[in-house]
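# Observations on the model geometry
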Amino acid sequence: MTTGLVSDERFLLHRAPYDHPEHPGRLEAIVRRVRSEGLAERCRLVPAREIADDELARVHTLAHIRAIDETAGEDFRQLDPDTYTSRDSALAARLAAGGLTDLSLAVLRGDLANGFALLRPPGHHAEADRAMGFCLYNNVAVAARAVQAGGAAPKVLIVDWDLHHGNGTQHTFWEDPSVLYLSTHQFPFYPGTGAIDEIGAGAGRGFTVNVPWPGGMGDPEYLAAFDRVLLPIARDFAPDLTLVSAGFDAADGDPLGSMRLSPAGYAAMTSRLLSLSKGRVVLALEGGYNLDAISRSAAACLRVLLGEDPPALDLAAPRPTALRVLEAVLKARERTS
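The rules behind each value
Residues numbered from 1 in each chain as written. Predicted model: local features only at pLDDT ≥ 70, side-chain atom pairs only at ≥ 80, totals over all residues. Heavy atoms only, no water. Axes fitted to C-alpha atoms, helices over the stretch in contact; angles between N-to-C directions. Helix = DSSP H or I, 4+ residues; strand = E, 2+ residues; numbered from the N terminus. Left-handed = near helix turned anticlockwise from the far one by under 90°. Contact = heavy atoms within 4.5 Å. Buried < 20%, exposed > 50% of the residue type's maximum accessible area, 1.4 Å probe, protein only. Polar contact = N/O pair within 3.5 Å; in protein donor to acceptor, adjacent residues only side chain to side chain. Core = buried A, V, L, I, M, F, W, Y, C linked by side-chain atoms within 4.5 Å. Salt bridge = Lys/Arg side-chain N within 4 Å of Asp/Glu carboxyl O. Expected span 1.5 Å × (residues − 1). Pairing = 2+ DSSP bridges. Parallel < 35°, antiparallel > 145°, perpendicular 65-115°, else oblique. Nonpolar A, V, L, I, M, F, W, Y, C, P; charged D, E, K, R; others polar. 1 Å grid on protein atoms, 1.4 Å probe; cavity = no way out; pocket = protein on both sides within 12 Å on 5 of 7 lines; lining within 4 Å. Points joined across faces, edges and corners; volume = space filled by probe spheres on them.

Moving on to the packing of helix H8 (residues 263-273) against helix H9 (residues 291-305). Where H8 contacts H9, the axes come no closer than 8 Å and their chain directions differ by 30°. Read as a crossing pair, H8 and H9 show a hand that is right-handed. Every residue of H9 that contacts H8 at Pro 263, Tyr 266, Ala 267, Thr 270 and Ser 271 is listed here: Arg 296, Ser 297, Ala 300, Cys 301, Val 304 and Leu 305.

Turning our attention to the side chain of Ser 295. Of note, Ser 295 is situated in helix H9. In this structure Ser 295 comes out as buried when scored by relative accessible area, which is 4%. Polar side-chain contacts of Ser 295 include one of 2.9 Å to the backbone oxygen of Leu 291. A distance of 3.1 Å separates a polar side-chain atom of Ser 295 from the backbone oxygen of Asp 292. For Ser 295, the contacting residues outside a window of four places in its chain are Ala 29, Ile 30 and Arg 33.

In this structure, Phe 116, Trp 161, Trp 213 and Phe 248 are the most contacted members of the largest nonpolar core, which totals 99 residues. Beyond its immediate stretch of four places on either side in the chain, Phe 116 contacts Thr 3, Gly 4, Leu 5, Val 6, Leu 103, Phe 248, Leu 283, Leu 285, Ala 298, Cys 301, Leu 302 and Leu 305.

Time to look at the pattern of salt bridges. One pass over the full model with this rule turns up 22 salt bridges. The salt bridge partner of Glu 308 is Arg 42, with a shortest N-O separation of 2.8 Å. Here the residue Glu 308 occupies a position in the loop between H9 and helix H10 (320-334), and Arg 42 occupies one in the loop between helix H1 (24-36) and strand S2 (44-45), the gap between them amounting to 266 residues. On the accessibility criterion, Glu 308 (27% relative accessible area) is partly exposed. Judged by its relative accessible area of 34%, Arg 42 is partly exposed.

This brings us to H1. Its 13 residues give H1 an end-to-end C-alpha distance of 18 Å, which sits within 8% of 18 Å, the value for a rise of 1.5 Å per residue. Of all the residues in H1, the buried ones are Pro 24, Gly 25, Arg 26, Leu 27, Ala 29, Ile 30, Val 31 and Val 34. Contact partners of the buried residues in H1: strand S10 (281-285) and H9. Looking one or two places after H1, you find Gly 38, whose phi comes out positive at around 75°.

Attention now moves to the sheet that holds strand S8 (residues 208-213). Strand pairing within a sheet occurs via backbone hydrogen bonds; the two strands may be parallel or antiparallel. Overall, parallel pairing links the eight strands, which are arranged S2-S1-S5-S10-S9-S6-S7-S8 in an open sheet. Bordering the open sheet on either side are S2 and S8, each of which pairs with just one other strand. Examined bridge by bridge, strand S5 (residues 114-117) and S10 share three bridges and lie parallel to one another. Bridged to Ala 117 within S10 is Ala 284.

Moving on, we come to the packing of H1 against H9. Viewed as axis vectors pointing N to C, H1 and H9 meet at an angle of 45°, and their least axial separation amounts to 8 Å. As summarised for this structure, H1 and H9 are arranged oblique, according to the angle between their axes. In this structure, H1 meets H9 at a crossing whose hand is right-handed. Across the interface between the two elements, Gly 25, Arg 26, Ala 29, Ile 30, Arg 33 and Val 34 from H1 touch Leu 291, Asp 292, Ile 294, Ser 295, Arg 296, Ala 298, Ala 299 and Leu 302 from H9. Classifying every residue of the contact of H1 with H9 gives eight nonpolar, two polar and four charged.

This brings us to unusual backbone geometry. The linkage connecting Arg 120 with the following residue, Pro 121, adopts the cis geometry, with an omega of -5°. Here Pro 121 shows up in the loop between S5 and helix H5 (139-149). Pro 188 follows Phe 187 through a cis peptide bond whose omega is -5°. Even without a glycine there, the phi angle at Phe 134 is positive, about 80°. When you line up the elements, Phe 134 lands in the loop between S5 and H5.

On to empty space enclosed by the protein. By the definition in use, this model includes one cavity of 30 Å³ or more. Computed from the structure, the largest cavity encloses a volume of approximately 60 Å³. Ile 196, Ile 199, Gly 206, Thr 208, Val 209, Asn 210, Val 329, Ala 332, Arg 333 and Thr 336 are the residues that line the largest cavity. In terms of residue class, the lining of the largest cavity is made up of five nonpolar, four polar and one charged.

In this section: the environment of Met 217. By the secondary structure assignment, Met 217 is in the loop between S8 and helix H7 (219-237). Relative accessible area serves as the criterion here: at 1%, Met 217 is assigned to the buried category. Between the C-alpha atoms of Met 217 and Arg 260, which are 43 residues apart in sequence, the distance is 5.7 Å.

What follows is the structure, given as structure tokens:
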């Protein structure tokens, strides 16, 4: 078995007619690097597929699906101050959700060891009834529901290391104990959700775990969060599949944030996640707007998925501020038990 890779030139058709941070060059930079480093040829390409309405409807309202479809007849539409569509965006969005779904199912069948879906548009901000934050459909949420619907993975872990909190993903599974949502993100920051006390509700209480960071956190702090908080919770949950909202905008040098993760830090997080769900881990591209940082970080993660050891890290002690956040997260979790 090898690593599956979703990569399709039609994702590049989603583009704004003005300078926008979520542009095709992001994906082109990643694809160029993984090809130049000989990583793409070591993977098995998984074709992107236009996802069907009934698959989308497990997460999104029919009105929202129709609204996105209707944009296909227009050269450009501004859906909100951040989110746009062009004539081919509806197609790209369906291909993104379908490609990630099929990649996840192939991993669960045992056809592939793990996978990385290089997608546009991203997804984790998309709510059930509206596009938001550059996102049209919630790719990870749609894939999670698909693998559950087929019985392949009753319990799904979603790890979201994007700079921004995945409000759409959190809301989708807010009352659902079959999906554990773990997020690290800059806070307070867009979209305004993701506080420590947001832990889910009803049967899903305790199955949402947020680690909201101030700016300036890097490899020592993120790996402390994984080792001290996220991984122990995930092991207790014992997921059948791990999906990762793999945004690279927490990377050092990203223009939209102020985090300091390195490519080696992303590789180390990926390596740790492979200890879960029998290694059945699928990464889905979300944000990241520094072309050098996102391409190097994505390639570092892909190397780990392909079986290479992550680069050695000489870690300093985590910042005291970070340790206080982690302590508060654990205390909030104690109150749910």
